[in-house]
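# Notes for the structure review
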Amino acid sequence: MIAIDIDRNLVNYIDSIRTVELSDADQNKLETRLADPNDPHLKPNETNVVLMVNTYLYLSNRIEYLQNLKKGIAPGGKIIIVDVKRHRLPQGEFLPPLAIRVPQHQVEDELEQAGFQLLNSDDTSLIYQYMVVAQKKP
């Protein structure tokens, strides 16, 4: 498993807690990696599944980023995007402002533009977030 972030502090945090939270065997299964805002630094076909949670709205060049990300996903691999719904929700300290949230249909469109095939789109299973699942075309 690879945990990737653009924030050095979050990468350091994951590194610091994995020694406490994970067994010795599982510690070796987790690699942390610092990435750039437009490049996840995945090797070609390095992963089968990418999970992005509450991150999509912060990407500046989303289609370009998805295309870069796609290179690191093995043929038939999947991307799962979970992000905050773009409608009024009870405001908590961790919810981003409504104005910067990306509508679910836009995520679907951008995944298709980047060359992914949509598999599932769900806005009912989670209260505050939607989930979009797509697959790298073979």
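What comes next is a walk through the structure. (Residues numbered from 1 in each chain as written. Predicted model: local features only at pLDDT ≥ 70, side-chain atom pairs only at ≥ 80, totals over all residues. Heavy atoms only, no water.)

We now examine helix H3 (residues 62-71). By the burial criterion, the buried members of H3 are Arg-62, Tyr-65, Leu-66 and Leu-69. Seen along its axis, H3 keeps its buried residues to an arc of 100°; they face one direction. Elements in contact with the buried residues of H3: strand S3 (47-53), strand S4 (73-84), helix H4 (104-113) and strand S5 (116-122). (Buried < 20%, exposed > 50% of the residue type's maximum accessible area, 1.4 Å probe, protein only. Helix = DSSP H or I, 4+ residues; strand = E, 2+ residues; numbered from the N terminus. Arc of directions from axis to C-beta. Contact = heavy atoms within 4.5 Å.)

Another point: the side chain of Arg-18. Assignment of secondary structure puts Arg-18 in helix H1 (residues 8-21). A distance of 2.4 Å separates a polar side-chain atom of Arg-18 from the backbone oxygen of Leu-30. Not counting residues up to four positions away in its chain, the partners in contact with Arg-18 are Gln-27, Leu-30, Glu-31 and Thr-32. (Polar contact = N/O pair within 3.5 Å; in protein donor to acceptor, adjacent residues only side chain to side chain.)

Although it is not a glycine, His-41 adopts a positive phi angle of roughly 60°. Judged by its relative accessible area of 32%, His-41 falls in the partly exposed class. One non-glycine residue, Asn-45, lies in positive phi territory at about 55°. As for its placement among the helices and strands, Asn-45 is situated in the loop between strand S2 (31-34) and S3.

All right, on to the nonpolar core then. Within the largest apolar cluster, 20 residues are counted, with the highest numbers of intra-cluster contacts made by Met-52, Leu-66, Leu-69, Ile-79 and Leu-111. Of all the secondary-structure elements, those providing two or more residues to this core are S3, H3, S4, H4 and strand S6 (129-136). Beyond its immediate stretch of four places on either side in the chain, Leu-69 contacts Pro-40, Leu-42, Val-50, Met-52 and Ile-79. (Core = buried A, V, L, I, M, F, W, Y, C linked by side-chain atoms within 4.5 Å.)

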